[in-house]
Amino acid sequence: MAAPMAERDNYLETEINSLTMAENNSESGSKDGEGTDFILQFVEKEIGCDLKALGKVSGMLEKLKAENKALEEQVMTASSSVPLRVSAALETAEKSRSDLESLLHRERVLSNTLQQHLQGAQTWADSLGQTLGQLDIIEKHQKYLQCLARIEELSDSIQQCLMTSSTWEAVGAIGTMANLDLSLQESGCNHLQAFLRETLHFWHKILKDRLAGDFEEVLTQLHWPFISPPTQSLSPPANAQELNSQLELLVSQLLALQTSDDLISEKESSSRLGLPQPSPLSLPIKIMMVPLSKRFRYHFTGNRQTNSLNKPEWYLTQALMWMGNNSNFMEEKIQPILDHSGANVNAKVELCRGLLFLAQEKLALDASRLLYDDALFCHLVDEVLQFEKELRTTHAYPSTLPGALHILLEEAIFQKWLSVERKMALEKVDAMLSAEGAWSSQYRDITDMDELKAPDCAETFMTLLLVITDRYRSLPSPRSQLSFLALQRELVDDFRIRLTQVMKEESRNPLGIRYCAILNASNYISAVLTDWGDNVFFLQLQQAAVALGDEVLGPLGATETGRLASLEGSLFEELLGLLERLRGDMMGRLLDAVMRDVREKTQTYIRDRWLSLPSQHDQATMSLSSSACPMMLCLRDHLLQLQQLLCLPLFQMFWQGLAERLDLFLYQDLILYNHFNEGGAAQLQFDMTRNLFPLFGHYCKRPENFFKHVKEACILLTLNVGPALLLRDLLRQAEEETSVLEGQQPSPEAALNELGVFRLTPYDVSILLGLRASWPEQ
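Residues numbered from 1 in each chain as written. Predicted model: local features only at pLDDT ≥ 70, side-chain atom pairs only at ≥ 80, totals over all residues. Heavy atoms only, no water.

1. Examining the overall build of the chain
Along the chain, the regular secondary structure elements total 27 helices and zero strands. When the 778 residues of the chain are sorted by exposure, 39% land in the buried category. Excluding contacts between residues fewer than 6 apart, the proportion of contacts in the chain whose partners are at least 24 apart in sequence is 74%. Summing over all exposed atoms, the chain offers an accessible surface of approximately 44,200 Å²; the carbon and sulfur share of this is 53%. (Helix = DSSP H or I, 4+ residues; strand = E, 2+ residues; numbered from the N terminus. Buried < 20%, exposed > 50% of the residue type's maximum accessible area, 1.4 Å probe, protein only. Contact = heavy atoms within 4.5 Å. Areas by Shrake-Rupley, 256 points an atom, 1.4 Å probe, with all protein chains shown as cover.)

2. Side note on helix α5 (residues 190-221)
A rise of 1.5 Å per residue sets the reference length of α5, with its 32 residues, at 46 Å; its end C-alpha atoms lie 45 Å apart and thus fit the reference within 8%. Just downstream of α5 lies histidine 223, where phi reads positive at about 70 degrees. (Expected span 1.5 Å × (residues − 1).)

3. Thoughts on the environment of glycine 324
Considering the arrangement of structural elements, one finds glycine 324 in helix α10 (residues 312-341). Considered as a pair, glycine 324 and cysteine 352 are 28 residues apart in the sequence and their alpha carbons are 9.4 Å apart.

4. A few points about the nonpolar core
Counting residues in each nonpolar core, the largest one holds 197 residues, and the members touching the most others are Phe461, Phe654, Leu662, Leu684, Leu692 and Phe696. Per-element tally for this core: the top contributor is helix α20 (residues 573-606), with 13 residues. Those residues in contact with leucine 692 that sit more than four places away from it in its chain are Met632, Leu635, Leu662, Leu666, Asp687 and Phe707. (Core = buried A, V, L, I, M, F, W, Y, C linked by side-chain atoms within 4.5 Å.)

5. Digging into a nonpolar patch on the surface
Taken together, Leu128, Leu132, Leu135 and Ile138 make up a surface patch of nonpolar side chains, about 400 Å² in accessible area. Its place among the elements puts leucine 135 in helix α3 (residues 57-163). (Patch = residues over 30% accessible without salt bridge, like charges linked within 9 Å, V, L, I, M, F, W, Y side chains within 5 Å. Salt bridge = Lys/Arg side-chain N within 4 Å of Asp/Glu carboxyl O.)

6. Concerning the environment of isoleucine 525
Structurally, isoleucine 525 is set in helix α17 (residues 513-533). Residues isoleucine 525 and leucine 575, 50 residues apart in the sequence, show an inter-C-alpha distance of 9.9 Å. Among all residues touching isoleucine 525, those that are not within four sequence positions of it are Phe461, Met462, Val492, Phe495, Leu499 and Leu579.

7. Points about the side chain of arginine 772
Tracing the sequence through the fold places arginine 772 in the segment after α27 (762-770). Only 2.9 Å separates the side chain of arginine 772 from the backbone oxygen of leucine 716, close enough to count as a polar contact. (Polar contact = N/O pair within 3.5 Å; in protein donor to acceptor, adjacent residues only side chain to side chain.)

8. Details of the packing of α5 against helix α6 (residues 240-256)
In contact at an axis separation of 10 Å, α5 and α6 are set at 145 degrees when each is read in the N-to-C sense. Seen from above, α5 lies across α6 with left-handed handedness. Of α6, the residues touching α5 (which contributes Leu211, Asp214, Phe215, Val218, Leu219 and Gln221) are Leu243, Gln246, Leu247, Leu250, Val251, Gln253 and Leu254. Here the residues of the contact of α5 with α6 are counted per class, giving nine nonpolar, three polar and one charged. (Axes fitted to C-alpha atoms, helices over the stretch in contact; angles between N-to-C directions. Left-handed = near helix turned anticlockwise from the far one by under 90°. Nonpolar A, V, L, I, M, F, W, Y, C, P; charged D, E, K, R; others polar.)

9. As for the packing of aromatic side chains
Tallied over the entire structure, the rule returns 26 aromatic pairs. Plain terms: the ring middles of phenylalanine 300 and tyrosine 315 are 6.0 Å apart, the flat faces sit at 65 degrees to each other, and that makes the pair edge-to-face. Linking phenylalanine 300 in helix α9 (residues 283-300) with tyrosine 315 in helix α10, this pair joins segments that are 15 residues apart in sequence. Since its relative accessible area comes to 5%, phenylalanine 300 is described here as buried. Considering the side-chain rings of phenylalanine 414 and tryptophan 417, the 6.3 Å spacing of their centres and the 90 degrees angle between planes classify their relative orientation as edge-to-face. Taken together, the positions of phenylalanine 414 and tryptophan 417, both in helix α14 (residues 411-434) and three residues apart, correspond to about one turn of that helix. You can call tryptophan 417 buried: its relative accessible area is 1%. Members of the aromatic cluster, connected to one another through ring pairs, are Phe414, Trp417, Tyr472, Phe484, Trp532, Phe537, Phe538 and Phe572. Directly above the ring of phenylalanine 537 sits arginine 473, whose terminal nitrogen or CZ lies 4.6 Å from the centroid. (Phe/Tyr/Trp six-rings, centres within 6.5 Å; stacked < 30°, edge-to-face > 60°. Lys NZ or Arg CZ within 6 Å of the ring centre and 35° of its normal.)

10. Side note on the side chain of glutamate 350
Among the structural elements, glutamate 350 can be located in helix α11 (residues 347-369). In terms of polar contacts, glutamate 350 uses its side chain to reach the backbone amide nitrogen of serine 282, at 3.1 Å. Here glutamate 350 is in contact with Pro280, Leu281, Ser282, Ile285 and Val345, once residues within four sequence places are set aside.

11. Here we look at unusual backbone geometry
A cis amide bond links tryptophan 224 with the next residue in sequence, proline 225, at an omega value of -5 degrees. By the element assignment, proline 225 lies in the loop between α5 and α6. Not every positive phi belongs to a glycine, and alanine 396 is a case in point at roughly 55 degrees. Along the chain, alanine 396 falls in the loop between α12 (374-393) and α13 (405-408).

12. Thoughts on the confidence of the model for the chain
Per-residue confidence for the chain gives a mean pLDDT of 85, with 85% of residues at or over 70. The lowest-confidence element of the chain is helix α1 (residues 2-26), averaging 46 in pLDDT; the highest-confidence one is helix α22 (residues 648-671), averaging 96. Taken together, the stretch residues 269-274 has pLDDT below 50 and engages in nine contacts with residues farther than four places along the chain or on a different chain. Within the model, the stretch residues 738-743 combines pLDDT values under 50 with three contacts to residues more than four positions away or in other chains. (pLDDT = per-residue confidence, 0-100.)

13. Digging into the pattern of salt bridges
Taken as a whole, this structure holds 30 salt bridges when the rule is applied. Residues aspartate 136 and lysine 140 are paired through a salt bridge, measuring 3.8 Å at the closest nitrogen-oxygen approach. In this pair, aspartate 136 and lysine 140 are both assigned in helix α3, four residues apart and thus about one turn of the helix distant. Using a relative accessible area of 36% as the deciding quantity, one classes aspartate 136 as partly exposed. The closest approach of N and O atoms between arginine 197 and aspartate 181, which form a salt bridge, is 2.6 Å. Here the residue arginine 197 occupies a position in helix α5, and aspartate 181 occupies one in helix α4 (residues 167-183), the gap between them amounting to 16 residues. Because the salt bridges share partners, they merge into one network encompassing Glu94, Arg97 and Glu101.

14. Topic: α14
Each full turn of the α-helix corresponds to 3.6 residues, which orients residues three or four apart in the same direction. Compared with the 34 Å implied by 1.5 Å per residue over 24 residues, the 35 Å span of α14 between its first and last C-alpha is a close match. Restricting attention to buried positions, one finds in α14 the residues Ile413, Phe414, Lys416, Trp417, Leu418, Val420, Glu421, Ala425, Val429, Met432 and Leu433. Buried residues along α14 sit against α11, α12, α13, α15 (456-472) and α16 (478-506).

15. Re the packing of α4 against α5
Where α4 contacts α5, the two axes come as close as 10 Å, and the packing angle between them is 150 degrees. Comparing their axes, α5 and α4 come out roughly antiparallel. The way α4 lies across α5 gives a crossing that is left-handed. Judged by residue contacts, Thr167, Ala170, Val171, Ile174, Met177, Ala178, Leu180 and Asp181 of α4 engage Gln193, Leu196, Arg197, Thr199, Leu200, Trp203, His204, Leu207 and Leu211 from α5. Classifying every residue of the contact of α4 with α5 by side-chain character gives eleven nonpolar, four polar and two charged. (Parallel < 35°, antiparallel > 145°, perpendicular 65-115°, else oblique.)

Below is the structure:
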């Protein structure tokens, strides 16, 4: 049996060696040791240690040989197909290269042929271009001649119409000529356009003069213009219906000439005053303005007595009177004709525009001559403002159209206006501060009207600012309005500086009438400026200031600009801060003066024998300490005096500040300075609660809330001995940090709160308890 087993082992070894050699040949680059190890692991895995399983070796060997053969066939197939694909790709690339070279050759041949063709055709192209250029020039000449022929045709037509009195046909031909003029404005044919404009002007003037003559004749029969107020006594003319028909016909024909009239007078219509002109006057209104213009220039130019620099109200009033006198005629006679003709024109507004232009010419001339005379210039400004107000209100002149105020906005005139306003305002401030009753209120005898107790100088000053506001409120330019606002802020700051200077002079007697009047003045100005900050007009100016930036009001910080834009701040915020600082400084000086007086009157009271006063039980009734009477009288007198001198908001600030200072003074200089027996503590409490606190009870319901130090000190000094001992022990335990478990006894703060002590700290309470002289062990 051993022989067959040995033979099987030799056979297995031989097969394994042949398998190993086959694996080494098929996997190039692998190491022999690694291949042998792999095979041994493979056999070990498939057969294991079971010798009975060695019969599977032959089957496994056949299987591996089949797999090896299949792999060899795949490798041979792949290696044989790769050269075929590469050769096919190379053939395709070679063909593509050949095709590309062929295309490039054809492109070069075609390019050379095209270049030769272009060179040969260039001569023809040049010749054709010259011919086309000549044709273009001929076409332009033809159109030019056509325009000339059209102009001649229209001119002949107009002449024929005028000879046959065919007015409407002549008006139509002139309108056609005007439209032709408009179409030639961008043609560049300057000579043709000039010829057309001259021709148009020639025929327009002839027809306009003819129509204007008839129109003026009809107007004269209708009593135009009305120099004085029209009266009902004027009987209508006998041929009123015929005149109305003629008036309607002439106005309609003149309106049809509006386009040509605008073209001819476009240079003249550009404002000589630098004013924005929305549109020229309607032609019928122009003709109607002729007699009024003649009268105006007759009276208010040249050497006439009515032409006076110091009487601008004469010609301004005359213009307003003519507007009023003729407005009914414009609305009743002219406006219906304009509406029927489809003209978007308001006859009354057109009349006002015409008369306003006459006034503007005169104003511009006079204003430039009055730049060096402050009094006359100021009078002129006043009259212009009044004229503008009446023009906008009484005559309903549209706000979209420029008025007389635009004359004052010319740079030199506007700067002069600002300068005069500043000068006049400063002179008035000097006068009001030096007046005899400058620091007394004009309403001091009227209780209901004297709540703010503003001195006369402060009230007059704010009235002056209000007048300035009313003067520039109607200006059409936000930039100009902001310039006046800057002037107002400058004047307020100047007045504040003046108040500060007077206050320093009066600081030696802060309880005097003038000192309190200065304090009332600063409070009054702050109150008015605060109200202005919420006014719609100033809010609009605030938004304009944010939009314009630093151009008018100077540099604004990013924070201030943001506050102004969000309406959190106001244009007067900086001035209000300065006035508040002045008011606080003055109130501090006033309180210091009163407290000095109170301190002097309290010295005897402080040094009273608090340690040896009799007990409350030994006295029949408690009464105020005699040493406290001077202090109480001093406080009463000052409170009554300042209640009369200060306005209510300031007096409230005063007595509250006085109570706060007096509370600390009595606590620190009286209570902490002394020791108290039972009688002394009771007397102190009586003096405070029954005498001092009621002095301030006239101004609030619970005056003791303003004396928290004194009130709580009195509570602790008059505390019964038992609770006082417990409180002292509790404070000592808390101080020595020997407290027991949390929650077994209240904290010092809780114990103090139960007694009504909230302001004083446990340390302060310990000091106050130490001032008690009535302890059981003592």
